[in-house]
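Examining the three-dimensional arrangement
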Amino acid sequence: MTDLVTGPDGLPRCAWGASTPDYAIYHDTEWGRPLRGDDALYERLTLEAFQSGLSWLTILRKRESFRLAFAGFRIERVAAFGDADVTRLLADAGIVRNRAKIEAAIANARAALTLPDGLSALLWSYAPPPRPARPASFAEVPASTPESVALARALKKQGFRFVGPTTAYALMQATGMVDDHLAGCHAGTAVARDGMGA
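The notes below deal with the structure included here. Since we're looking at a predicted model, the values are computed, not measured.

Rules and cut-offs
- Residues numbered from 1 in each chain as written.
- Predicted model: local features only at pLDDT ≥ 70, side-chain atom pairs only at ≥ 80, totals over all residues.
- Heavy atoms only, no water.
- Helix = DSSP H or I, 4+ residues; strand = E, 2+ residues; numbered from the N terminus.
- Rg over C-alpha atoms; globule rule 2.2 N^0.38 Å.
- Buried < 20%, exposed > 50% of the residue type's maximum accessible area, 1.4 Å probe, protein only.
- Contact = heavy atoms within 4.5 Å.
- Areas by Shrake-Rupley, 256 points an atom, 1.4 Å probe, with all protein chains shown as cover.
- Axes fitted to C-alpha atoms, helices over the stretch in contact; angles between N-to-C directions.
- Parallel < 35°, antiparallel > 145°, perpendicular 65-115°, else oblique.
- Left-handed = near helix turned anticlockwise from the far one by under 90°.

Turning to the overall build of the protein, a few remarks are in order. A tally of regular secondary structure across the protein gives eleven helices and two strands. Its helices and strands taken in sequence order, the protein reads β-β-α-α-α-α-α-α-α-α-α-α-α from the N to the C terminus. The C-alpha atoms of the protein give a radius of gyration of 17 Å, which matches the 16 Å a tight globule of 198 residues would have. Of all 198 residues assigned to the protein, the portion counted as buried reaches 46%. Partitioning the intrachain contacts of the protein with sequence separation of at least 6 by distance along the chain shows that 67% fall at a separation of at least 24. As displayed, the protein offers around 9,300 Å² of accessible surface, 55% of which is attributable to carbon and sulfur atoms.

Right, dumping it as structure tokens:
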């Protein structure tokens, strides 16, 4: 499989985005599009942390269950979770039942509440300037960058857990802080039209 493939619909897309119908929808409509808003970004941050060590497809297919389990990822609601909620979440087969990640999600909601300008402002303050060109192949896409290292360090300093440089970079990719759609990808073109500040 090449890095860029043309799907049955005739549209060129990043190969991973053509590998399953779930990925195609996510790739075409969400991944790489600028996302703002504290609760929306908290959801993505939480899901990226839960994905650590697992396939993103696993998380994607459990996303609605995660939303139900975590009160729609409303930061104030999750920050109020206690021991009974941890027990409830550990018994929920619809999500990834990992105590450390569950406790991190709750701790991260509490940390987000303490940010004077909010989570969205903090995350976007580490977005790099747009690249002059999209990557030509997956080989040009890094696992982390100086900006994601700095973001991970800043989050850790604020009390966030389970967000290392690689997870921070995956978050940046998913939420449009960087555009890692490959050159020629139709979704990448849409991201460029939206603009980094959308």
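Between helix α2 (residues 38–51) and helix α10 (residues 165–174), the least distance of the axes is 9 Å, while the angle of their chain directions is 135 degrees. In terms of their interaxial angle, α2 and α10 are classed as oblique. Here α2 runs over α10; the crossing is right-handed. Of α10, the residues touching α2 (which contributes L41, R44, L45, E48 and A49) are T167, A170, L171 and A174.

Let us now look at the environment of G94. Topologically, G94 is positioned in the loop between α6 (83–90) and α7 (99–113). With 64 residues separating them in the primary sequence, G94 and Q158 have C-alpha atoms 30 Å apart. Beyond its immediate stretch of four places on either side in the chain, G94 contacts K62 and S65.

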